[in-house]
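Working through the structure, step by step
Residues per chain, in single letters:
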Amino acid sequence: MKQEAPWAAGLRAARANFVPGLIIQGIMLTLLLGYYFYPPTTALLNKLAILKEQWGYGYSIVASIIAGALIPEVMRITIFQKGKILRANFSNLLFGTVYWAYSGAIVDFFYRQQALWFGTEVTLGIVATKVFVDQFVFNPIYDAPMNAWAYDWKNSGYPLRGLGRFFTRAYYKRVIIPTLVATWGVWIPVVSILYSLPPLLQVPLFALALSLWVMIYTWMSEQRVES
């Protein structure tokens, strides 16, 4: 049987989540427009920004755990398991809590660095630069491989042997490239919106979109285990 091309696998995952992706992107676009043009939304999001400023990295960690671990697992139980709770849900939640706490802190640090490197003004050039570095440097070099390694290691039972397979050209082609294709379909519009907002709002609204991506990525990683 002919192996599916990496680009095709990524497009298949993106198509499977096309409607949820549009919903999340639509919500975030609404929040972006509301922040700049609707005072009640501005006031609400400014309160969120104050909370982020007070909590710092703690906010990023807690928000990422809720968005990346708790919400997707609840959705999995509700939608895919028809309300039935399995033992695997608890192990998934434990893994998600640890992994997304770490990832939330890393994303917060990266956003802070982008602000230092390129500034915080919302101009076409600055936003486009941040989106490019985010999606075509940080993502293929670190974020997409890290996500793939973590989820594939979990789904294969956390073995300590055979970890070298994660660092091969074949693994990057078979796993990372499909991940990137599906990522770009969701996250290029999302990060364009994020970088069009003040820095203190970027992590809170990142958490809003994170729950969708974890659902997409969970589906992709579980398909690899089953195939």
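The following refers to the structure shown. Every chain's residues receive numbers from 1 upward, in the order its sequence appears when written. In view of the model being predicted, local features appear only for residues whose pLDDT reaches at least 70, and side-chain atom pairs are presented and counted only at 80 or more, with totals across whole chains, interfaces and linings using the full set of residues. By convention in this description, side-chain values take in all heavy atoms of the structure and omit both hydrogens and water.

What to know about the packing of helix 6 (residues 124-155) against helix 7 (residues 169-194)
Running from N to C, helix 6 and helix 7 point in directions that differ by 135°, and their axes come no closer than 9 Å. The angle between helix 6 and helix 7 falls in the class oblique. Helix 7 is crossed by helix 6, and the crossing has right-handed handedness. When helix 6 is examined against helix 7, the residues V127, V131, D134, Q135, F136, N139, P140, A144, P145, A148, W149 and D152 are found in contact with a partner set consisting of Y171, Y172, V175, I176, T179, L180, T183, W184, W187, I188, V191 and S192. Residue classes follow a fixed rule: Ala, Val, Leu, Ile, Met, Phe, Trp, Tyr, Cys and Pro count as nonpolar, while Asp, Glu, Lys and Arg count as charged, and any other residue, Gly among them, counts as polar. Looking at side-chain class alone, the contact of helix 6 with helix 7 contains 17 nonpolar, five polar and two charged residues. Under this scheme, a helix contributes an axis fitted over its contacting stretch, all axes are lines through C-alpha atoms, and angles between N-to-C directions fall in the 0 to 180 degree range. To qualify as a helix, a DSSP run of H or I must reach at least 4 residues; to qualify as a strand, a run of E must reach at least 2; elements of each kind are numbered from the N terminus. Each angle gets one of four labels, with under 35 degrees taken as roughly parallel, over 145 as roughly antiparallel, 65 to 115 as roughly perpendicular, and the rest as oblique. If you view the pair so one helix is near and one far, a crossing is left-handed when the near helix is turned anticlockwise from the far one by less than a right angle, and right-handed when it is turned clockwise. Residue contacts are defined here by distance: any two heavy atoms, one from each residue, within 4.5 Å place the two residues in contact.

Re the pattern of salt bridges
When a carboxyl oxygen of Asp or Glu lies within 4 Å of a side-chain nitrogen of Lys or Arg, that pair is called a salt bridge. Per the counting criterion, the structure on display carries two salt bridges. A salt bridge links K52 to D108; the shortest N-O distance between them is 3.0 Å. One end of the pair, K52, is in helix 3 (residues 39-55); the other, D108, is in helix 5 (residues 87-118), and 56 residues separate them in sequence. As far as burial versus exposure is concerned, K52 and D108 are alike and both buried. Among the salt bridges present, the one from R112 reaches D108, with a minimum N-O distance of 2.8 Å. Of the two residues, R112 and D108 both sit in helix 5, four residues apart, roughly one turn of that helix. Its relative accessible area of 36% is what places R112 among the partly exposed residues. Relative accessibility decides the category of a residue: with a 1.4 Å probe and only protein chains considered, values under 20% of the type maximum give buried, values over 50% give exposed, and everything between is partly exposed.

Some words on the packing of aromatic side chains
Pairing of aromatic rings covers Phe, Tyr and Trp, the last counted by its six-membered ring, and requires centre-to-centre distances within 6.5 Å; plane angles under 30 degrees mean stacked, over 60 mean edge-to-face, and any other angle means tilted. Under the defined criterion, the tally for this structure stands at 19 aromatic pairs. A ring pair is formed by Y99 and Y151, whose centres lie 6.1 Å apart and whose planes are at 85°; its orientation type is edge-to-face. Separated by 52 residues along the polypeptide, Y99 in helix 5 and Y151 in helix 6 bring together distant segments of the chain. Lysine and arginine charges are scored as sitting over a ring when NZ or CZ, respectively, is within 6 Å of the ring centre and within 35 degrees of the ring normal. Its guanidinium or amino end placed over the ring of Y57, R112 lies 4.1 Å from that ring's centre, counting from NZ or CZ. Cation over ring: K154 sits above F95, and NZ or CZ is 5.5 Å from the ring centre.

Digging into the nonpolar core
Among the buried residues, those of types Ala, Val, Leu, Ile, Met, Phe, Trp, Tyr and Cys that are joined through side-chain atoms within 4.5 Å form a nonpolar core. Core analysis: the largest hydrophobic core is formed by 36 residues, its most contacted members being M28, Y111 and L194. Those elements giving two or more residues to this core turn out to be helix 2 (18-37), helix 3, helix 4 (57-80), helix 5, helix 6, helix 7 and helix 8 (199-226). The dominant element in this core, judged by the number of residues it contributes, is helix 8, at seven residues. In terms of nonpolar packing, the next biggest core, distinct from the first, is built from seven residues, A144, Y171, V175 and I176 among them.

Describing the side chain of E73
Summarising the element assignment, E73 is placed in helix 4. Discounting chain neighbours no more than four positions away, the residues touching E73 are N89 and N92.

Topic: empty space enclosed by the protein
Only protein atoms enter the 1 Å grid used here. Points where a 1.4 Å probe fits but cannot escape make up a cavity, open sets with protein on both sides within 12 Å along at least five of seven lines make up a pocket, and a residue lines them when an atom lies within 4 Å of a point. Grid points are joined across faces, edges and corners, and a volume is the space filled by probe spheres set on the points. Under the defined criterion, the tally for this structure stands at three cavities of 30 Å³ or more. Each pocket or cavity is described by its volume, and for the largest cavity that value is around 220 Å³. In terms of lining, the largest cavity is formed by 16 residues, of which the most central are V107, F138, D143, W187 and F206. Looking at which element gives the most residues to the lining of the largest cavity, the answer is helix 6, with six residues.

In short, geometric facts, not functional conclusions.
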